[in-house]
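Understanding the architecture of this molecule
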Amino acid sequence: MTAAVAATAAEVRAAVAAAHRDEWARVFGALVRFTGDWSLAEDCTQDAYARALERWGTEGIPRSPGAWLTVTARRRAIDVVRRSGVETDKLRLMVADQQLTTPAADLALGDVDAEWEDDVLRLIFTCAHPALPMEARVALTLRTVAGLATSEIARLFLVSEATMSQRLLRAKRKIAEAGIPYRVPPPALIADRTAGVLAVIYLLFTEGYAPDDGRPVRDELAEEAIRLAGLLARLTQHPEARGLLALVLLQHARRAARIDAGGELVPLDEQDRQLWDAVAIASGLRLVAEAPHPRGPYAVQAAIAAEHDRAPSADATDWAAIVALYDELPQNPVVALNRAVAVGMAEGTDAGLAALDALGVPPALAATHLLPATRGELLRRGGRLREAIPLLEEARHRAPGAAEQRYFDRRIAECRDGDSG
Amino acid sequence: MQYMMFVATDPDADPYDPQYDNVVAWVDEVNASGARLQGDRLRPVEDATLVRIRGGELLVTDGPFAETREWIAGYDLLECENLDEAIAIASKHPMARFGRLELRPIWPFDPAE
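As the structure is a computational prediction, the values presented were derived from the model and not from experiment. (Residues numbered from 1 in each chain as written. Chains lettered and ligands numbered in written order. Predicted model: local features only at pLDDT ≥ 70, side-chain atom pairs only at ≥ 80, totals over all residues.)

1. Quick notes on the overall build of chain B
Scanning chain B for helices and strands turns up three helices and six strands. Walking chain B from its N terminus toward its C terminus, one meets helices and strands in the order β-α-β-β-β-β-α-α-β. In terms of its C-alpha atoms, chain B occupies a principal-axis envelope of roughly 50 × 45 × 20 Å. Looking at chain B residue by residue over its 113 residues, the buried ones come to 14%. For chain B, long-range pairs separated by at least 24 residues make up 78% of all intrachain contacts whose partners lie at least 6 apart in sequence. (Helix = DSSP H or I, 4+ residues; strand = E, 2+ residues; numbered from the N terminus. Buried ≥ 20, exposed ≤ 12 C-beta atoms within 10 Å, placed from the backbone. Contact = placed C-beta atoms within 7 Å.)

2. Let's talk about the nonpolar core
All names here are of chain A. Counting 112 residues, the largest nonpolar core has Leu-31, Ile-124, Ile-201, Ala-225, Ala-229 and Ala-302 as the members making the most contacts within it. When residues in this core are grouped by element, the largest group, ten residues, is from helix α1 (residues 9–35). Per-domain counts for this core show at least three residues from each of domain 1 (9–111) and domain 2 (113–237). If sequence neighbours within four positions are ignored, Ala-302 has contacts with Gly-243, Ala-246, Leu-247, Leu-250, Gly-284, Leu-287 and Val-288. (Core = buried A, V, L, I, M, F, W, Y, C linked by C-beta atoms within 7 Å. Domains from an automatic or database assignment.)

3. Brief notes about the domain arrangement of chain A
Residues and elements named next belong to chain A. Along its sequence, chain A is organised into domain 1 (9–111) and domain 2 (113–237). Taken together, the eleven residues of domain 1 in the interface contact twelve residues of domain 2. Each residue belonging to the side of domain 1 that touches domain 2 can be placed in one class, and the counts come to six nonpolar, three polar and two charged. (Nonpolar A, V, L, I, M, F, W, Y, C, P; charged D, E, K, R; others polar.)

4. Considering the interface of chain A and chain B
Each side of the interface is counted separately: chain A has seven residues, and chain B has five residues. Here the residues of the side of chain A that touches chain B sort into five nonpolar, one polar and one charged.

5. Focus on the packing of helix α17 (residues 349–359) of chain A against helix α18 (residues 370–381) of chain A
Residue and element names in this part refer to chain A. Two elements in contact, α17 and α18, have axes whose closest approach is 9 Å; the angle formed by their N-to-C orientations is 170°. By the angle between their directions, the pair α17 and α18 is classed as roughly antiparallel. Of the residues in α18, those in contact with Thr-349, Gly-352, Leu-353 and Leu-356 of α17 are Thr-374, Arg-375, Leu-378, Leu-379 and Arg-381. (Axes fitted to C-alpha atoms, helices over the stretch in contact; angles between N-to-C directions. Parallel < 35°, antiparallel > 145°, perpendicular 65-115°, else oblique.)

6. Considering the pairing of strand β1 (residues 2–9) of chain B
Residues and elements named next belong to chain B. Sheet topology note: the β1/strand β5 (residues 72–79) ladder contains seven bridges and is antiparallel. Paired with Phe-6 across the bridge in β5 is Tyr-75. In terms of strand pairing, β1 meets strand β6 (residues 99–105) through seven bridges, oriented antiparallel. Within β6, the position partnered with Ala-8 by the bridge is Arg-100. (Pairing = 2+ DSSP bridges.)

7. Overview of the packing of helix α14 (residues 297–310) of chain A against helix α15 (residues 319–328) of chain A
Residues and elements named next belong to chain A. The interhelical angle for the contact between α14 and α15, taken along N-to-C directions, is 170°, at an axis separation of 9 Å. With respect to α15, the axis of α14 lies roughly antiparallel. In this structure, α14 uses Val-300, Ala-303, Ile-304 and Glu-307 to contact α15, whose residues at the interface are Ala-321, Ile-322, Leu-325 and Glu-328. Along the lines of polarity and charge, the residues of the contact of α14 with α15 split into six nonpolar, no polar and two charged.

8. Looking at the environment of Leu232(A)
All names here are of chain A. Within the element layout of this structure, Leu-232 appears in helix α10 (residues 219–236). Counting along the chain gives 31 residues from Leu-232 to Ile-201, while the straight-line C-alpha distance between them is 9.6 Å. Aside from chain neighbours lying at most four places away, what touches Leu-232 is Ile-124, Val-197, Ile-201 and Ala-241.

9. Some points on the confidence of the model for chain B
For chain B, per-residue confidence averages 91 on the pLDDT scale, and residues scoring 70 or more make up 96% of the total. Interface confidence for the predicted complex, given as ipTM, is 0.89, next to a pTM of 0.83. (pLDDT = per-residue confidence, 0-100.)

10. So, the sheet that holds β1(B)
Residue and element names in this part refer to chain B. Reading across from one edge, β2-β5-β1-β6 is the order of the four strands in this open sheet, with antiparallel pairing throughout. Unpaired on one side and paired on the other, β2 (36–41) and β6 mark the two borders of the sheet. Looking at each pair of strands side by side, their axes are set apart by 15° on average, direction ignored.

11. Considerations on helix α6 (residues 134–145) of chain A
Residue and element names in this part refer to chain A. Between its first and last C-alpha atoms α6 spans 16 Å; for twelve residues at 1.5 Å apiece the expected length is 16 Å, and the two agree. Counting buried residues along α6, ten of its twelve residues qualify, which places the element largely inside the surrounding structure. Regarding α6, the residues found buried are Ala-136, Arg-137, Val-138, Ala-139, Leu-140, Thr-141, Leu-142, Arg-143, Thr-144 and Val-145. Phi turns positive one or two residues past the end of α6, at Gly-147, with a value near 75°. (Expected span 1.5 Å × (residues − 1).)

Here you go:
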């Protein structure tokens, strides 16, 4: 399975890095299935990548790096279990399995796409199991599906490596001790569990996208989320997975215009649309156009993002279409709030305020900045600046982070200038 | 795997409605599947007795839980292939709606550990 040609150190490093990005989930997934032990699987997968760095220089880069890594990791697992000398039954099973599958694996493992897909899907679904705490699902998905190192995940979530390492360890332990099955869920559970996987990926995306509490925008997290959404969409062809992929592509396409030179958030209507990523927008729009109806919540949110992204200027936004899309979403107070803004833009300030009045004060929003912010924003956009100021001040008072506070400060100042001028 | 399923009350749950209490059917179904090894109701907390040794002295008192609104009303010991199977069984129990169920994996005691 290896090419006879030796490779340069740079070629080896590049090949191992590519294999890490593209094959980690598959190698690790195969090892979990093989050993039934997440920690052992992780050690052996890591070891196989270390050996690749040592050996691909002299042996040449294998035609199928994933197969080479899987076979190497499996041999390592057998060695480790053999040396531990305790689990003899398990070892017998593993050796039998290895003898059964190795010749085929050496020849063709890299070509067996169905097996690859099953291993990766098993991993994705197991990491998103609802019995795991949400933060553990997110961390475990990054570690085992995306193949990020524990230290990288710790950095992205702004916690110490020791904390992240503990979080991952507890999650792996719970999988083993609570009997969380390593599998793609059966048909009766698949809809629910797919929704759970989508939620993990979208949380990963928003975590990287929203710079709250002065934390930097972490593009890497958003990009990992896009990669995972693409993987899930490709493996499942699930309409909501494709909807999520469209949504994150269309939102992430605006990243270069979202933050100004001073690090401040730039609202959508003031963004320089020349900075938007036209390629990502085209991919997102294509997915939105292809979405089967009736659409699920991610596909509808993607369609809303698409209306913004396809408008050549903020004034050219088709707000009536956006109102209709909000009507298509499952209703909740936040959806109603956003719908009221869209109504205001489509039909005028009074219609927007009426939609907001119809919402009342839902308990979920009572203490947040969202109600005064929305009413203030509707009034400001309608030119009723004097009425907008106290509402924007209230919103500033309740705003959760420094970035939002500065945003309201700026809006209040604009209203004062406009009102006196 | 074996799971202890604690059947507990929960003040945030739907109020109890005997019309939807299908516990007899649940017991029959889970017994028939072979997944229920054992299970019973527990007498109310008013009948509980608390035993402690503090400062070397044995203290026996009335159950302390009379003022708490959440208490264990029963238990079932389940034998399941995995957690998903245990969740499926628990979700059909009437107290999933009128209370809450807690699934705890049995941790076999090994004196050598």
